[in-house]
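Each chain, letter by letter, is given below.
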Amino acid sequence: MTMTRRTFLSASAGLAAIPVFCGGRAGAAPLPREADVVVIGAGAAGIAAARRIMAANRKVIVVEAASQIGGRCQTDSSTFEVPFDRGARWMHNPETNPMIKLARAAGLEITTAPSGQKIRIGRRNARAGETEQFLAALVRANRAIDDAARRFDVSCASVLPKDLGDWADTVEFVLGASFAGKDLKDVSVGDKARAQDRNTAIGCRQGLGTLIAKLGEQVPLSLSTPANRIVWSNRDVSVETPAGRITARAAVVTASTNVLAAGNIKFAPDIPKRVLDAASKLSLGSYDRIALQMAGNPLGLARDDVVIEQNNSTKTALISANIGGSSLCTIDVGGSFGRDLSAQGEKAMVAFAMEWLTKLYGSEAAAAVRKSSATRWNAAPFALGAMSAAGPGGQSSRKALAEPFGCIYLAGEATHETLWGTIDGAWESGERAAEAALRRIGGALRDPEPEARPAKQRRRGQGSSIN
């Protein structure tokens with residue numbers, strides 16, 4: 001079967017309905033014993049891989065340990081008056097991103113986030129001149145990181161200009177915790193420099209978790225079905241689950257780097273040391289959201305405004321205000337501070353958010369909170385963190401992680417060299433891994449004219465698989 005990428009995008013949106021197999025679901029169809037390709041994980045990478053395999057008329061089954069589709073892309077549509085993206089919130093690259101086209105084809109509403117961010121200095125907004133000073137500091141920091149990456153792969157913190165003055169800690173937060181979920185001392189200059197521009201943020205009014213679930217509706221999958229053990233060789237693979245064993249000619253594994261490094265999925269033979277080493281060098285950062293539904297608009301902010309503060313410590317956050325025109329705001333925390341705060345539990349996270357808002361906007365802001373919720377991705381058993389970020393010297397591990405072993409192909413945002421930490425990178429990696437698996441079994445889609453991505457641009461904003 002020969003199919004171009006453009007034909008694939010239109011055809012895959014109209015596939016016939018597919019059954020959901022058993023995995024703790026009463027009355028569901030029995031789990032199949034055989035498939036051409038088995039996919040581990042029903043996040044963005046897994047769903048992308050399965051759709052591409054289906055478009056090639058090959059038999060696929062997706063097994064997912066959690067009770068819902070989405071992976072680190074989950075939308076809560078019941079707690080607040082508007083959908084709350086607990087994980088990934090933004091897509092990027094609207095000119096080339098197939099997910100945006102698929103979302104529109106599925107009848108979902110695509111929105112563009114406002115560009116830029118506001119800065120709070122104590123109880124007031126930054127003046128125009130102060131904002132320019134911050135942007136200049138950010139440009140200088142990015143330039144220093146890019147220059148260093150041409151020579152060696154060290155930590156971002158070690159190469160920052162020493163004269164950033166009052167903006168040093170704010171630059172650290174924006175480029176580190178907010179962008180990668182890690183402090184800059186734990187982020188590779190090579191990884192940061194190679195990260196593709198993410199300034200254009202595209203959202204889905206119904207939530208990105210809703211989008212992934214919609215795109216996975218026609219995919220044959222089994223929820224609440226963890227892959228306990230994967231027996232592999234150069235010829236075939238066998239995936240053992242509580243619902244039974246599946247034999248396939250190839251497997252696409254989309255587990256997070258932290259799940260792989262923790263050994264939560266057993267491999268026989270053992271997973272190659274080079275893969276485990278790569279996963280450990282691409283460990284997940286910490287990024288969580290504290291969602292607050294507020295009466296009125298006590299912060300005096302516009303729809304979807306983003307606010308950071310001129311901070312002088314790691315105990316800071318980012319505000320996403322009046323989400324979708326609602327009264328819902330989120331306080332995003334990341335890096336080592338976010339990890340420590342999350343470990344204290346949801347009550348402590350909400351208490352910090354209230355105290356922090358009071359510091360910036362007065363007691364009226366905290367008094368206006370009517371309902372709250374917080375994510376804790378580090379404690380999520382099937383994720384164990386937010387987005388991958390290479391440590392110093394670890395940038396080359398992304399390519400190593402993407403290299404197959406036996407008939408197993410790894411996918412997920414961590415395997416993407418320039419779109420790591422994004423749902424875009426996860427989706428693209430799933431398509432890539434599926435295409436490689438299809439070539440192995442003789443059923444690949446052919447795409448003679450792959451869509452070119454625009455040249456990388458320097459960035460000022462932030463974007464990740466979680467924010």
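Report on the accompanying structure. Quick caveat, the model's predicted, so the values are computed rather than measured. Sequence order sets the numbering: in each chain, residues are counted from 1 along the sequence as written. Under the rules for a predicted model, residues below a pLDDT of 70 receive no local features and side-chain atom pairs below 80 are neither given nor counted, while totals for whole chains, interfaces and linings still include all residues. Values shown for side chains rest on all heavy atoms present in the structure; no hydrogens or waters enter the calculation.

## Here's the deal with the layout of surface pockets
In this analysis, the protein atoms alone were mapped onto a 1 Å grid. Cavities are point sets where a 1.4 Å probe fits without being able to get out; pockets are open sets with protein on both sides within 12 Å along at least five of seven lines; lining residues have an atom within 4 Å of a point. Grid points are joined across faces, edges and corners, and a volume is the space filled by probe spheres set on the points. When its volume is computed, the largest pocket comes out at roughly 870 Å³. Together, 44 residues line the largest pocket, and Glu 64, Gly 71, Arg 72, Phe 382 and Ala 383 are the ones closest to its centre. Strands here mean DSSP runs of E at least two residues long; helices mean DSSP runs of H or I at least four residues long; both are numbered from the N terminus. Secondary structure elements with two or more residues in the lining of the largest pocket: α2 (44–55) and α14 (423–441). Of the residues forming the lining of the largest pocket, the biggest block, three residues, is contributed by α2. Class assignment of the residues belonging to the lining of the largest pocket gives a composition of 22 nonpolar, 17 polar and five charged. Amino acids are sorted into nonpolar (Ala, Val, Leu, Ile, Met, Phe, Trp, Tyr, Cys and Pro), charged (Asp, Glu, Lys and Arg) and polar (every other residue, Gly among them).

## Here's the deal with the packing of aromatic side chains
Ring geometry is summarised as follows: Phe, Tyr and Trp rings, the Trp one being its six-membered ring, pair when their centres sit within 6.5 Å, and such pairs are stacked at plane angles under 30 degrees, edge-to-face over 60 and tilted between the two. Taken as a whole and assessed by the stated rule, the structure comprises seven aromatic pairs. Here Phe 80 and Phe 84 contribute two aromatic rings whose centre-to-centre distance is 5.8 Å and whose plane-to-plane angle is 80 degrees, an arrangement assigned as edge-to-face. Phe 84 shares its class with Phe 80; the two are buried. A centroid spacing of 5.0 Å and a plane angle of 65 degrees characterise the contact between Phe 337 and Phe 352, whose relative ring orientation is edge-to-face. Here Phe 337 is found in helix α10 (residues 335–343), whereas its partner Phe 352 is found in helix α11 (residues 346–361), with 15 residues between them in sequence. The rule is simple: take the accessible area with a 1.4 Å probe, protein chains only, and divide by the maximum for that residue type; under 20% is buried, over 50% is exposed, in between is partly exposed. A residue is classified by how much of its surface remains accessible, and Phe 337, at 10% relative accessible area, is buried. The class of Phe 352 is buried, set by a relative accessible area of 12%. Grouping aromatic residues by their ring pairs yields a cluster made of Trp 232, Phe 267 and Phe 405. Comment: the charge-over-ring label is applied if NZ (Lys) or CZ (Arg) is within 6 Å of the ring centre and within 35 degrees of the ring normal. The lysine or arginine in question, Lys 192, covers the ring of Phe 179, its NZ or CZ lying 4.2 Å from the ring centre.

## Topic: the pattern of salt bridges
Every case where a carboxyl oxygen of Asp or Glu lies within 4 Å of a side-chain nitrogen of Lys or Arg is listed as a salt bridge. On inspection of all chains with the given rule, the structure shows 20 salt bridges. A salt bridge links Asp 163 to Arg 140; the nearest nitrogen and oxygen atoms lie 2.6 Å apart. Of this pair, Asp 163 sits in the loop between α4 (128–149) and α5 (168–180) while Arg 140 is found in helix α4, placing the two residues 23 residues apart along the sequence. Asp 163 sits in the exposed class, given a relative accessible area of 53%.

## Focus on the sheet that holds strand β14 (residues 287–294)
In space, the seven strands of this open sheet follow the order β7-β6-β15-β16-β17-β14-β18, with mixed pairing throughout. Edge positions in the sheet fall to β7 (124–125) and β18 (369–374), since each has one partner strand and no second. Note: strand β6 (residues 118–121) against strand β15 (residues 306–309), three bridges, orientation parallel. Paired with Arg 120 across the two strands is Glu 309, which belongs to β15. In this description, contact between two residues means that some pair of their heavy atoms is separated by no more than 4.5 Å. The convention used is that axes are lines fitted to C-alpha atoms, helices contributing only their stretch in contact, and that angles between N-to-C directions extend from 0 to 180 degrees. Set on the sheet, α5 makes contact with β14, β15, β16 (318–320) and β17 (328–334); between it and β15 the angle comes to about 125 degrees. Here α10 sits on the sheet in contact with β14 and β17, set at roughly 110 degrees to β17. A pair of strands counts as paired when DSSP detects no fewer than two bridges linking them.

## Things to note about the packing of α10 against α11
Two quantities define a packed helix pair, namely the angle between the helix axes and the distance between the axes. Two elements in contact, α10 and α11, have axes whose closest approach is 6 Å; the angle formed by their N-to-C orientations is 125 degrees. In terms of orientation, α10 lies oblique with respect to α11. Here Phe 337, Leu 341 and Ser 342 of α10 come into contact with α11, specifically with Ala 348, Met 349 and Phe 352. Classifying every residue of the contact of α10 with α11 by side-chain character gives five nonpolar, one polar and no charged. Oblique is the label for every angle not falling under 35 degrees (roughly parallel), over 145 degrees (roughly antiparallel), or within 65 to 115 degrees (roughly perpendicular).

## Some words on the nonpolar core
The nonpolar side chains of a soluble globular protein tend to be buried with one another. Counting 79 residues, the largest nonpolar core has Val 237 and Ile 408 as the members making the most contacts within it. Of the residues forming this core, the biggest block, nine residues, is contributed by α14. With residues up to four places along the chain from it excluded, the contact list for Ile 408 reads Ile 230, Trp 232, Val 237, Ala 251, Val 253 and Phe 267. Put simply, a nonpolar core is a bunch of buried Ala, Val, Leu, Ile, Met, Phe, Trp, Tyr and Cys residues held in one set by side-chain atoms that sit within 4.5 Å of each other.

## Here's the deal with the pairing of strand β1 (residues 34–40)
With respect to burial, β1 is a largely interior element, six of its seven residues being buried. Where β1 meets strand β12 (residues 244–253), six bridges bridge the pair, whose relative direction is parallel. Opposite Val 38, over in β12, you have Ala 251 as the bridge partner. Both β1 and strand β2 (residues 60–63) contribute to a ladder of four bridges, which runs parallel. Its bridge partner lying in β2, Val 38 is registered against Ile 61. Whether a crossover is right-handed comes down to one check: with the strands pointing away from the viewer, does the path from the first strand over the helix to the second run clockwise; if it does, it is right-handed. Regarding the hand of the β-α-β motif, the stretch spanning β1, α2 and β2 is right-handed.

## A look at the environment of Ala 106
Relative to the helices and strands, Ala 106 resides in the loop between α3 (98–105) and β5 (110–112). On a C-alpha basis, the gap between Ala 106 and Lys 214 in space is 7.4 Å, while along the polypeptide they are 108 residues apart.

## Structural notes on the environment of Pro 94
Tracing the chain through its elements places Pro 94 in the loop between β4 (84–85) and α3. We classify Pro 94 as partly exposed; its relative accessible area is 30%. Linking Pro 94 and Thr 200, residues 106 residues apart in sequence, is a C-alpha distance of 7.8 Å. Those residues within four positions of Pro 94 in sequence are excluded, and the remaining contacts are Ile 100, Thr 200 and Ile 202.

## Comments concerning the side chain of Asp 183
As for its position among the elements, Asp 183 is in the loop between α5 and α6 (189–194). We treat Lys and Arg as the positive residues and Asp and Glu as the negative residues; His and chain ends play no part in the count. Of the side chains with opposite charge, Lys 185 lies nearest to the buried Asp 183, which makes no salt bridge, at 4.8 Å. Within the local environment of Asp 183, its side chain forms a polar contact with the side chain of Ser 336, the two groups lying 2.6 Å apart. In contact with Asp 183, other than residues within four places in its own chain, are Glu 172, Gly 335 and Ser 336. Polar contacts, as counted here, are pairs of nitrogen or oxygen atoms within 3.5 Å of one another; within protein the pair requires one atom able to donate a hydrogen and one able to accept it, and residues that are adjacent in sequence qualify only if both atoms are side-chain atoms.

Function cannot be read off these values alone, since they describe shape.
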